[in-house]
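Residue-level structural notes
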Amino acid sequence: MYKGIGGSSGYGIGKIVIIKNDMPVYEIKSPENKENEIKRFLQAVDKFIEKTTKMAEHMRKTAGEKNAEIIEGHIIMLSDPFMQDEIKDKINSGMCAEEAVDKVCEQFIEMFTMTDDELTVQRAADIKDIRLRLLKILTGDRDIDISEVPKGSIIVAKDLTPSMTAGIVKENVEGIITQAGGFTSHSAILARALEIPGVFSVDDITDNARDGMEAVIDGKEGCVILNPSKEEITEYTAKKEKYLKDKEELNKYRNKATKTADSIEIELFGNIGKPEDAKNVKDNDGEGIGLFRTEFLFMENTQIPSEEEQFEAYKKTAVMMDGKEVIIRTLDVGGDKNIPYLGMEKEDNPFLGFRAVRYCLDRKEMYKIQLRALIRASVFGKIKIMIPLVTCVNELREVKVLVEDIKADLDRENIPYDKNISVGVMIETPAASEIADLLAKEADFFSIGTNDLTQYTMAVDRGNSKVAYLYSVYNPAVIRSIKRIISAAANENIIAGMCGEAAADPLLTPLLISFGLKEFSVNASSILRTRAQIAKWTKAEADKVADEVMKCATQEEVYEILKRYQR
Ligand code: PEP
Ligand code: MG
């Protein structure tokens with residue numbers, strides 16, 4: 001059995017088809033006529049744009065807007081005058097078009113690979129894709145077309161570039177396995193969009209798999225079995241059938257209100273990183289957006305996005321959600337995310353450092369641009385402002401002063417906005433949890449960020465595998481903290497929601513119902529499953545589970561009880 005990262009759930013049983021995407025070989029030579037060589041390069045760019053536009057159109061129909069935009073992003077990257085000028089300069093210095101493209105792309109790949117930030121590293125994958133396809137056009141090599149693989153195929157590749165996957169026919173592909181790429185790689189994103197099981201980062205799979213070999217893949221656990229035995233095929237066929245049946249069951253919860261078995265109404269929202277993701281939330285029947293991580297807008301840019309750019313992004317989301325609630329978190333950068341142009345200094349303890357609201361309150365001019373864009377966009381829907389990493393009441397007060405200043409400016413300028421726009425806080429630090437009663441008096445709502453709350457409560461770096469055994473929301477310390485936060489909100493009659501990963505954990509559903517959580521915000525793909533879970537419990541039944549859990553002394557005991565009651 002081979003292990004990798006389970007990046008797209010589901011089970012596939014089929015025959016391997018190996019997809020090779022080796023770089024074309026070209027001859028290094030100096031062009032006789034540099035102008036003609038530049039022309040040849042520009043013709044290749046035109047051809048690239050023509051082909052890519054067609055691919056994106058096809059993809060829009062098969063894999064949705066988001067994936068089409070990834071492909072269209074390649075046109076934007078290649079059209080960048082800076083990149084083109086660099087290539088032309090290299091041709092002028094005596095390189096042939098192939099070598100110039102190769103060298104310049106390599107520079108960009110190196111630059112993007114140097115950061116720790118996964119999304120920037122992803123840009124490197126995009127440039128690799130552009131280089132490969134541009135070189136194929138220049139050398140006359142044929143493009144790979146996955147659309148021709150037969151029914152029942154399990155695709156194996158070193159990495160699948162967005163352009164290679166553009167033509168995928170979902171019905172013919174049982175699974176995708178790649179040697180490179182993680183959960184957020186394009187291959188994984190696409191596999192999820194197409195609902196094809198996928199396992200990524202499987203070491204040496206291209207050496208060990210052979211064309212035509214039988215294989216089984218488990219996209220949830222991240223397992224691949226080559227040449228499975230009869231028993232294994234029977235076992236996985238049963239798993240696949242159950243998985244598909246459960247998925248079908250979930251569809252029953254489409255267009256239904258979210259409520260407990262005894263009809264307590266609960267709001268069920270989705271988390272997003274980009275305006276376009278809102279469509280995914282809507283498609284999955286989300287009732288609003290509980291967390292818009294705006295740092296992605298900043299990470300995609302090479303400079304601070306202007307007020308207009310931000311306004312358009314927030315407005316687009318509000319309009320897309322059509323009057324449903326959209327909770328937008330102001331810039332939360334630092335810790336695990338890096339935005340080079342902000343020039344933040346490297347810190348010994350970035351998770352405890354100058355980040356999120358601390359950074360924003362120090363750079364008020366930048367922060368006011370974001371707040372103003374948010375408040376202006378509020379007239380197009382139901383936007384709420386959410387402050388990350390709050391640790392003291394002063395931070396909330398300072399943001400509220402800025403919000404009031406901006407409102408006064410907008411009044412003077414006769415610019416409309418929602419006069420009642422709410423300002424809430426993320427409760428994701430032990431400090432905020434300790435003073436939840438005080439914060440609840442001044443905040444309009446709470447949203448519990450369990451990812452950070454667990455990290456800070458347990459004093460465990462959420463990315464450090466050595467201490468990962470302690471990073472568990474089931475720890476009594478974290479459970480008590482969550483209970484206290486929800487009670488503090490209820491005492492002041494404000495809503496307590498949860499946008500950390502724990503909101504989507506089916507084991508925790510009864511506990512959260514019992515504590516009185518009013519809003520769950522989860523990844524789009526978890527919305528229906530969470531609605532189904534909520535519907536399984538009455539308050540009294542959930543209270544019984546909570547009573548037992550609150551008596552536990554260890555995370556293992558908590559887990560044991562939750563598992564025992566799991567429905
Ligand atoms: C959290 O900390 O739970 C959260 C939702 O925010 P992020 O994961 O972006 O830090
Ligand atoms: Mg957080």
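In case you missed it, the structure is sitting above this.
Notes on the structure follow.

Reading the values: the criteria
Residues numbered from 1 in each chain as written. Chains lettered and ligands numbered in written order. Predicted model: local features only at pLDDT ≥ 70, side-chain atom pairs only at ≥ 80, totals over all residues. Heavy atoms only, no water. Salt bridge = Lys/Arg side-chain N within 4 Å of Asp/Glu carboxyl O. Helix = DSSP H or I, 4+ residues; strand = E, 2+ residues; numbered from the N terminus. Buried < 20%, exposed > 50% of the residue type's maximum accessible area, 1.4 Å probe, protein only. Near = heavy atom within 4 Å. Polar contact = N/O pair within 3.5 Å; in protein donor to acceptor, adjacent residues only side chain to side chain. Areas by Shrake-Rupley, 256 points an atom, 1.4 Å probe, with all protein chains shown as cover. 1 Å grid on protein atoms, 1.4 Å probe; cavity = no way out; pocket = protein on both sides within 12 Å on 5 of 7 lines; lining within 4 Å. Sits in = over half its atoms within 2 Å of the grid points. Pairing = 2+ DSSP bridges. Axes fitted to C-alpha atoms, helices over the stretch in contact; angles between N-to-C directions. Contact = heavy atoms within 4.5 Å. Donors = N, O, S within 2.8 Å, 3.2 Å for Na, K, Ca; no water.

So, about the pattern of salt bridges. Under the definition given, this model contains 40 salt bridges. A salt bridge links Glu72 to Arg60; the nearest nitrogen and oxygen atoms lie 3.0 Å apart. Taken together, the residues span a long stretch of sequence, with Glu72 in helix 2 (residues 65-79) and Arg60 in helix 1 (residues 34-62) at a distance of 12 residues. For Glu72, a relative accessible area of 26% translates into the label partly exposed. The exposure class assigned to Arg60 is partly exposed, which follows from its relative accessible area of 31%. The salt bridge partner of Asp332 is Arg329, with a shortest N-O separation of 3.4 Å. Residues joined in a network through salt bridges with shared partners are Glu295, Arg329, Asp332, Arg355 and Asp452.

As a structural note, the neighbourhood of ligand 1 is formed by 13 residues, with Arg293, Arg329, Gly449, Asn451 and Arg462 the closest of them. Separating an oxygen atom of ligand 1 from a side-chain N or O atom of Arg329 is a distance of 2.9 Å. At a separation of 3.1 Å, an oxygen atom of ligand 1 approaches a polar backbone atom of Thr450. For ligand 1, the accessible surface in isolation is 290 Å², of which the surrounding protein chains cover 97%. Assessed atom by atom at 2 Å from the grid points, ligand 1 resides in the largest cavity. Listing elements by their share of the shell around ligand 1, those giving two or more residues are strand 10 (289-293) and helix 18 (450-457). A total of three residues in the shell around ligand 1 trace back to one element, the largest contributor, which is helix 18.

This brings us to the pairing of strand 4 (residues 153-157). Of all the five residues making up strand 4, five are buried; the element is thus mostly covered by neighbouring parts of the structure. One ladder, built from five bridges, connects strand 3 (residues 11-19) with strand 4; its direction is parallel. The residue of strand 4 that forms the bridge with Ile19 is Ala157. Of the pairings in the sheet, the one linking strand 4 to strand 5 (residues 173-178) comprises five bridges and is parallel in character. Paired with Val156 across the bridge in strand 5 is Ile177.

Now for the sheet that holds strand 9 (residues 267-272). The strands making up a sheet associate through hydrogen bonds between their backbones, and the pairing can be parallel or antiparallel. Pairing is parallel around the closed barrel formed by eight strands, whose spatial order is 9-10-11-12-13-14-15-16. Adjacent strand axes in the sheet meet at a mean angle of 25 degrees when their direction is disregarded. Alignment of strand 10 against strand 11 (residues 325-329), held across three bridges, turns out to be parallel. Note on strand 11: the bridge partner recorded for Ile289 is Val326. Where helix 14 (residues 364-377) meets the sheet, its contacts fall on strand 11 and strand 12 (382-387), and the angle it forms with strand 12 comes to roughly 155 degrees. Against the sheet, helix 21 (residues 527-534) engages strand 9 and strand 16 (519-522), with an angle of about 155 degrees to strand 9.

Next up on the list: the coordination of the magnesium ion (ligand 2). At 2.1 Å from the magnesium ion (ligand 2) lie its protein donor atoms, namely Glu428 (OE) and Asp452 (OD). Here the residue Glu428 occupies a position in the loop between strand 13 (422-427) and helix 16 (430-434), and Asp452 occupies one in helix 18, the gap between them amounting to 24 residues. Summarising the burial analysis for this pair, Glu428 and Asp452 share the class buried.

The next thing to look at is helix 21. Taking burial as the measure, the eight residues of helix 21 include seven buried ones, the bulk of the element. Among all positions in helix 21, only Ile527, Leu528, Thr530, Arg531, Ala532, Gln533 and Ile534 are buried. The secondary structure elements touched by the buried residues of helix 21 are helix 9 (230-250), strand 9, helix 10 (277-283), helix 20 (509-515) and strand 16.

The quantities given are spatial measurements derived from coordinates; they are silent on function.
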